[in-house]
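Below, each chain spelled out in residue letters.
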Amino acid sequence: ETAVADGIAGAYGGHPAQASSQSAYGPDGLPILNRPDEPQTAKASGPATVRQVRLSAADPPMSMIIDLTAPAKYEKHVRNDSGYSTAIVTIENAKLDAAMPRHMVFDRSIFKDCDITTNSQGTSIAMHTDPVANVAVVPLESPPRLLVTFTPVTQAMDHANSAP
């Protein structure tokens, strides 16, 4: 088992649509996956509630969207095992909306299912997928949400093989 952990990635920064050198998106409109984590800011405004976990509308989806009621600090961890990966996003001091299920089955694209747990530290969302090479979390505003983008191992290998 291989574990990759990124520390606290911080509260919401600037809006990704803003044109700045710190934009979460590149000139092609896709999220920048290898951008270093930004320092935490003090913009978080109290405990957030996880309202919904959903796949992006893209076909096939390669991202998961976590809808929140307020900006929140988070941590990301990725575990790679034989034949599958688990990406865990823990949202600090977040509660789970009472209507949210604790287990969701997707069976679409690389996504299998996810388990959601809450404790005194916050809410953790464990997304079970086909093997992934990278997972990036991009905080978005208006409305507050986390965009979790996955790069499948096969896509990363294709990109590496096509490099000059």
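Residues numbered from 1 in each chain as written. Predicted model: local features only at pLDDT ≥ 70, side-chain atom pairs only at ≥ 80, totals over all residues. Heavy atoms only, no water.

### Concerning the sheet that holds strand 3 (residues 63-68)
Spatially, 5 strands are ordered 6-2-3-11-10 in an open sheet, and the strand pairing comes out mixed. Both edges of this open sheet fall to strand 6 (95-96) and strand 10 (132-140), since each of them pairs with a single strand only. Examined bridge by bridge, strand 2 (residues 49-55) and strand 3 share 5 bridges and lie antiparallel to one another. Across the sheet, Gln52 pairs through a bridge with Asp67, a residue of strand 3. (Pairing = 2+ DSSP bridges. Helix = DSSP H or I, 4+ residues; strand = E, 2+ residues; numbered from the N terminus.)

### A closer look at the packing of aromatic side chains
With the rule as written, the count across this model stands at 1 aromatic pair. Between Phe111 and Phe150, the ring centres sit 5.0 Å apart and the planes meet at 90°, which makes this aromatic pair edge-to-face. Here Phe150 lies in strand 11 (residues 145-152) and Phe111 lies in strand 8 (residues 111-119), a separation of 39 residues in the sequence. (Phe/Tyr/Trp six-rings, centres within 6.5 Å; stacked < 30°, edge-to-face > 60°.)

### Comments concerning unusual backbone geometry
Of the consecutive residues Asp59 and Pro60, the connecting peptide bond is found in the cis state with omega at 0°. With omega at 0°, the peptide bond leading from Ser142 into Pro143 counts as cis. Mapping Pro143 onto the fold places it in the loop between strand 10 and strand 11. Phi at Asp107 is positive, roughly 45°, even though this residue is not glycine. Of note, Asp107 is situated in strand 7 (residues 103-108). Owing to a relative accessible area of 59%, Asp107 belongs among the exposed residues under this scheme. For Ser142, which is not glycine, the phi dihedral falls at a positive 50°. Summarising the element assignment, Ser142 is placed in the loop between strand 10 and strand 11. (Buried < 20%, exposed > 50% of the residue type's maximum accessible area, 1.4 Å probe, protein only.)

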